[in-house]
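Chain by chain, the residues:
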Amino acid sequence: MEITWLGHSGIKLQGSKIVYIDPFLTGNPAASTTPEEITEADIVVVTHYHGDHLGDSFTICKKTGAILFGIHEIAVEAEAEGLTAEGMNIGGTVEAKGVKVHMVQALHSAEKGNPAGVVIEMDGQTIYHAGDTGLTYDMKLIGEFFKPDLSFIPIGDRYTMGVPSAARAVEFIQTKRVIPVHYNTFPIVSADPEEFKRLVADKAEVIILNPGDSYTL
Ligand code: NI
Ligand code: MN
């Protein structure tokens, strides 16, 4: 599976299906692509209703016919715009096109519905995207239950965990590999990924990407 960081919290997973998570591209100074350049997608997953996560989700779904996965309130809005959506809530699992999406707890806020994290199972790999969240013991449960092969963890502080708490989160999640996200998009979420790497080097493989870079899982 090829994993590409689109900048901020935006991820593209290209395996047997093409999955986008939180594709915030328009207005994102760190974005590595544009919605115009995206021509193919099967599933778009949104962690919560904030502009830097909902981003260009609806535009991409409209253009590609991808199914939008999100919490109930986001799915209702998507369907009202004529999109195909799979509404769900924390605790739920929904499968479409051979891809399983589990919605899990995140400690944050949202303009509509609740914020969430997601665990995605595709091609035998389990991938956790924490969304925006503070450090919580629930991450221990997510780790025990899902045993992620790879996790995306926010480290930019202010709106989410910062480097020290994100390092503790990695310990809780017991993830094999981790890619830090949600940092250096704007000056107010600046963080040093190398410092994060130093703190968790003995716990997980840390993959530091630049926006547009890919990693093969
Ligand atoms: Ni947010
Ligand atoms: Mn955010």
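Preceding this paragraph is the structure being described.
Treat the numbers as computed from the prediction; the structure is a model and nothing was measured.

A. Geometry of helix α2 (residues 57-64). What α2 keeps buried is the set Ser57, Phe58, Ile60 and Cys61. An end-on view of α2 places all buried positions within 165 degrees of arc, on one side of the element. Following α2 by one or two positions, Gly65 adopts a phi angle in the positive range, close to 80 degrees.

B. Representation of the sheet that holds strand β14 (residues 214-216) within the structure. An order of β6-β5-β4-β3-β2-β1-β14 is seen for the 7 strands of this open sheet, with the pairing classed as mixed. Unpaired on one side and paired on the other, β6 (85-88) and β14 mark the two borders of the sheet. Averaged over neighbouring strand pairs, the angle between their axes works out to 20 degrees when direction is ignored. Looking at chain direction, strand β5 (residues 67-71) and β6 are connected through 4 bridges and run parallel. The residue bridging Leu68 from the neighbouring strand is Ala85, located in β6. Packing of α2 onto the sheet brings it into contact with β4 (43-45) and β5, and relative to β5 it is tilted by some 150 degrees. Across the sheet, helix α3 (residues 72-80) is in contact with β5 and β6; its angle to β5 comes to roughly 145 degrees.

C. Quick peek at the coordination of the nickel ion (ligand 1). All of the protein donors around the nickel ion (ligand 1) are His48 (NE2), His50 (ND1), His108 (NE2) and Asp132 (OD); their distances to the metal are 2.2 to 2.3 Å. Between the 4 donor atoms coordinating the nickel ion (ligand 1), the angles at the centre fall across 90 to 175 degrees, so the site counts as irregular. Between consecutive donor residues of the nickel ion (ligand 1), the sequence gaps follow H-x1-H-x57-H-x23-D. Here the manganese ion (ligand 2) and the nickel ion (ligand 1) are spaced 3.3 Å from one another, each receiving a donor from Asp132. One end of the pair, His48, is in the loop between β4 and α1 (51-54); the other, His108, is in the loop between β8 (99-105) and β9 (116-122), with 60 residues separating them in the sequence. Under the relative-accessibility criterion, His108 is labelled partly exposed at 24%.

D. Structural view of the coordination of the manganese ion (ligand 2). Around the manganese ion (ligand 2), the donor atoms from the protein are Asp52 (OD), His53 (NE2), Asp132 (OD) and His182 (NE2), and they sit 2.1 to 2.2 Å away. Taken in sequence order, the residues that donate to the manganese ion (ligand 2) follow the motif D-H-x78-D-x49-H.

E. Seen up close, the environment of Lys140. With respect to the helices, strands and loops of the structure, Lys140 is situated in helix α4 (residues 138-146). Each C-alpha atom, one on Lys140 and one on Gln174, is 7.9 Å from the other, the two residues being 34 residues apart in sequence.

F. The arrangement of the packing of aromatic side chains in detail. Tallied over the full model, the rule gives 3 aromatic pairs. Between Tyr137 and Phe172 the ring centres are 5.2 Å apart and the planes differ by 25 degrees, which places this aromatic pair in the stacked class. Taken together, the positions of Tyr137 in the loop between β10 (125-129) and α4 and Phe172 in helix α5 (residues 163-173) put the pair 35 residues apart, joining distant regions of the chain. The exposure class assigned to Tyr137 is exposed, which follows from its relative accessible area of 60%. Note on Phe172: relative accessible area 6%, which makes it buried. Here Phe145 and Phe146 contribute two aromatic rings whose centre-to-centre distance is 5.0 Å and whose plane-to-plane angle is 85 degrees, an arrangement assigned as edge-to-face. What makes Phe145 exposed here is its relative accessible area of 65%. Note on Phe146: relative accessible area 16%, which makes it buried.

About the thresholds
Residues numbered from 1 in each chain as written. Chains lettered and ligands numbered in written order. Predicted model: local features only at pLDDT ≥ 70, side-chain atom pairs only at ≥ 80, totals over all residues. Heavy atoms only, no water. Buried < 20%, exposed > 50% of the residue type's maximum accessible area, 1.4 Å probe, protein only. Helix = DSSP H or I, 4+ residues; strand = E, 2+ residues; numbered from the N terminus. Arc of directions from axis to C-beta. Pairing = 2+ DSSP bridges. Axes fitted to C-alpha atoms, helices over the stretch in contact; angles between N-to-C directions. Contact = heavy atoms within 4.5 Å. Donors = N, O, S within 2.8 Å, 3.2 Å for Na, K, Ca; no water. Tetrahedral: all angles 85-135°; square planar, octahedral: opposite > 155°, others 65-115°. Phe/Tyr/Trp six-rings, centres within 6.5 Å; stacked < 30°, edge-to-face > 60°.

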